[in-house]
Amino acid sequence: SAKLLCWKSDAIKKSMCTLSTPDLNLDAVQLFKNLTSFMGDRSSSKLPIEHVLKVLRQLKDAPSELQDEFYCQIAKQTHQNPSPLSTEKGWQMMLICLATFAPSEALLPALMAYCVLNVNSAVPNRIMLLWHCIGLKRAKDLVRGQKFLP
């Protein structure tokens, strides 16, 4: 449903994507809590950076399906979010994640399309995000020795 892809104020009860194990589903729910706490959509006694560090520790060596789940969660929380500050924090988390781990080949086209459709030239971080997405794709292609189109 279209609501699945739109911002929501309350926590998710299960992952957005189908994950291979129940433990990954629990991880996805926890990641969403950290994301919404970092974005200011959920109250927390922790500093925002603590939520970022928890996310990075959880995802840096995680299966790509969980990393992709988190990219989907960020897209969800930045889409039709009524708060400009929360939205900007979501884009910051996207940049942090993109700098740390790449989306899967399967997710990359959809994530790039999301970035293109939602980039706002008035917000430099979003322009940087778009170019970072494109740069990741080019870097992966070059590593594999494949030719790519700009």
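Structure report, in brief. (Residues numbered from 1 in each chain as written. Predicted model: local features only at pLDDT ≥ 70, side-chain atom pairs only at ≥ 80, totals over all residues. Heavy atoms only, no water.)

### Section: the overall build of the protein chain
Scanning the protein chain from terminus to terminus reveals six helices and zero strands. Helices and strands appear in the protein chain in the N-to-C order α-α-α-α-α-α. When the 150 residues of the protein chain are sorted by exposure, 43% land in the buried category. Within the protein chain, counting contacts between residues at least 6 apart in sequence, those at least 24 apart form 66% of the total. Accessible area of the protein chain: about 8,300 Å², with a carbon and sulfur share of 62%. (Helix = DSSP H or I, 4+ residues; strand = E, 2+ residues; numbered from the N terminus. Buried < 20%, exposed > 50% of the residue type's maximum accessible area, 1.4 Å probe, protein only. Contact = heavy atoms within 4.5 Å. Areas by Shrake-Rupley, 256 points an atom, 1.4 Å probe, with all protein chains shown as cover.)

### Thoughts on the packing of helix α1 (residues 22-39) against helix α4 (residues 84-100)
Where α1 meets α4, the axes come as close as 8 Å, and the angle between the chain directions of the two elements is 125°. On the basis of their axis angle, the class for α1 and α4 is oblique. Considering only the axes of α1 and α4, their crossing is right-handed. On α4, the residues that touch Leu-35, Phe-38 and Met-39 of α1 are Ser-86, Thr-87, Lys-89, Gly-90, Gln-92 and Met-93. For the contact of α1 with α4, the residue count by class is four nonpolar, four polar and one charged. (Axes fitted to C-alpha atoms, helices over the stretch in contact; angles between N-to-C directions. Parallel < 35°, antiparallel > 145°, perpendicular 65-115°, else oblique. Left-handed = near helix turned anticlockwise from the far one by under 90°. Nonpolar A, V, L, I, M, F, W, Y, C, P; charged D, E, K, R; others polar.)

### Comments concerning helix α5 (residues 108-118)
Residues of α5 that are buried: Leu-108, Leu-111, Tyr-114 and Cys-115. Looking down the long axis of α5, one finds its buried residues gathered within 125° of arc, a one-sided arrangement. More than 90 degrees from the buried face of α5, the exposed residues found are Pro-109 and Leu-117. (Arc of directions from axis to C-beta.)

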